[in-house]
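Structural description and commentary
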Amino acid sequence: MIQFHVYPGGKKRIVTFSYDDGHRNDERLIEMFNRHGVKGTFHLNGIKYLGKTEAELAEYRRRYAGHEIACHTVTHGWPARMPMQSVTAETMEDRKILEQLTDYPVIGMSYPSGSFSEEAICAMRACGIVYSRTVQSHKNFYLPEDFMKWHPTCHHKDALPLCDKFLENLDSPWTHPLFYIWGHAHEFRTEEEWQVMEQILQKLAGNDKIWYATNIEIYNYMMAQRMLQISADECLFYNPTSTDVWVEKDKKQIIHIPAGDTVILCKEV
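Because the structure is a prediction, the values reported are computed rather than measured. (Residues numbered from 1 in each chain as written. Predicted model: local features only at pLDDT ≥ 70, side-chain atom pairs only at ≥ 80, totals over all residues. Heavy atoms only, no water.)

Quick word on the overall build of the protein
Using the following cut-off: Numbering goes from the N terminus for both helices and strands, where a helix is a DSSP run of H or I of at least four residues and a strand is a run of E of at least two. In this treatment the radius of gyration is a C-alpha quantity, and the globule benchmark scales as 2.2 Å times the residue count to the 0.38 power. Three labels apply to residues, based on accessible area from a 1.4 Å probe with only protein chains included: buried if under 20% of the type maximum, exposed if over 50%, partly exposed otherwise in between. Throughout, a contact is declared for two residues whenever any of their heavy atoms are within 4.5 Å.
Helices and strands together make up the secondary structure of the protein, namely seven helices and 14 strands. A globule of 269 residues ought to have a C-alpha radius of gyration of about 18 Å, and the protein, at 19 Å, matches this closely. Reported as C-alpha extents along the three principal axes, the dimensions of the protein are approximately 65 × 45 × 35 Å. The burial tally for the protein puts 52% of its 269 residues in the buried class. Excluding contacts between residues fewer than 6 apart, the proportion of contacts in the protein whose partners are at least 24 apart in sequence is 66%.

Structure, rendered in C-alpha cells:
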C-alpha cells in the first residue's frame, strides 16, 4: 500500500508561517526566521509598492529573499462584500505588481480580514490563484482538504502552548502533519511579544524530522505527489514533474522518486 504522508527527505512533519499586510516589522521577523532556518509566506497588498524605484524594489527583494511573497488583494478589500469584477481586478492587479517585485509567478493568497465567499473563490481561481489561507484557526495540525480554504493551525499568540503537542511522536505519519502559524508582523508591539516568537522558533526549529516550507512549496509538493504515476502492482513509479517526491510503501519503506525519473522496486518472489 502506498501512502503520501511523507515530505521532502522522507520527513513526516511540516512547519510553515504566514504573515499578512507587509510591515516594517517583517524585516525583523524574517531575520529571526533566517537565523532559525524556517520559512514564511508574506501576503502583500500591491498598492504599497506602486511607484517604487528600482532601488527600492531591490531592497524589498532582498528583505523577502528565501521566503514567499503572495497576494492579499491590491488594496486590502473584503472579497465577500465586493462585486466579482472588483475581486478579479483586485487580485490580478496585486499579482501584476507583486510579480514585478518577485520575478516569479505569484499565485498564492490569503483573504484580507478573512473575507471570502464561494463566488470570490471562483473569481480568484480564474485569476490563477491556487491556494488561499483563511483566518479560521482550528488549533489542530491537519493538511487542507481544499487549498482555497486553507485553514491555519493558529495565530502566533496561541502557538507556544501547541508546540509540545506537535512535536510528540515525530515519526508517526498519522498525527499532526502540519503546524501552520499565521499573524501580522505589526502585532509585535513589545519586546515581550518578540520574545514569545523567539521561544516558538526555539521549540520548532532545527529539527531534522521537520520540513520547513513556504505555503507554495507545500502546495507544489502535494500536487507533484498527486501526479505520480504508479503501476498496478505498486512496483514502478514515474514522476512526470520537476519536483522530487517521496512516498511510503507498506508503512515501512520510504521511496524517493526524483523529478522526471522512474523508480522500479524489486518484486518479491
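Points about the sheet that holds strand S10 (residues 229-230)
Put simply, the rule reads: Pairing between two strands is assigned when DSSP locates at least 2 bridges connecting them.
Reading across the sheet, the three strands line up as S10-S11-S14 and stay open at both edges, with antiparallel pairing between neighbours. With one partner strand each, in any of the chains shown, S10 and strand S14 (262-264) form the two edges of the open sheet. Across three bridges, strand S11 (residues 236-238) lies against S14 in antiparallel orientation. Note that in S14 the partner of Tyr238 across the bridge is Thr262.

Let's talk about the sheet that holds strand S12 (residues 245-249)
One open sheet holds the three strands; their spatial order is S1-S12-S13, and the pairing between them is antiparallel. Each edge of the sheet is formed by a strand with only one pairing partner; in this case those strands are strand S1 (2-3) and strand S13 (253-257). For S1 and S12, the ladder comprises two bridges, and the chain directions are antiparallel. Note on S12: the bridge partner recorded for Gln3 is Glu248.

A word on the state of the cysteines
Here is the rule we go by: The disulfide criterion used throughout: a pair of cysteine sulfur atoms within 2.5 Å.
Across all of its chains, the model carries zero disulfides by this definition. Not part of a disulfide, Cys122 finds its nearest cysteine sulfur in Cys127, a span of 11 Å. Given a relative accessible area of 53%, Cys122 falls into the exposed group. A disulfide-free cysteine, Cys127 has its sulfur positioned 8.9 Å from the sulfur of Cys71, the nearest such atom.

A few points about the pairing of strand S3 (residues 40-44)
A regular strand carries its side chains on alternate faces of the sheet. What counts is decided by this rule: Orienting the strands away from the viewer, one traces the path from the first strand over the helix to the second; a clockwise path indicates a right-handed crossover.
Burial analysis of S3 places five of its five residues in the buried class, which makes it a mostly covered element. The side-chain alternation of S3 yields two buried faces, one formed by Gly40, Phe42 and Leu44 and the other by Thr41 and His43. Handedness of the strand S2 (residues 13-21)-helix H1 (residues 25-36)-S3 crossover: right-handed. Of the pairings in the sheet, the one linking S3 to strand S4 (residues 68-71) comprises four bridges and is parallel in character. Bridged to His43 within S4 is Ala70.

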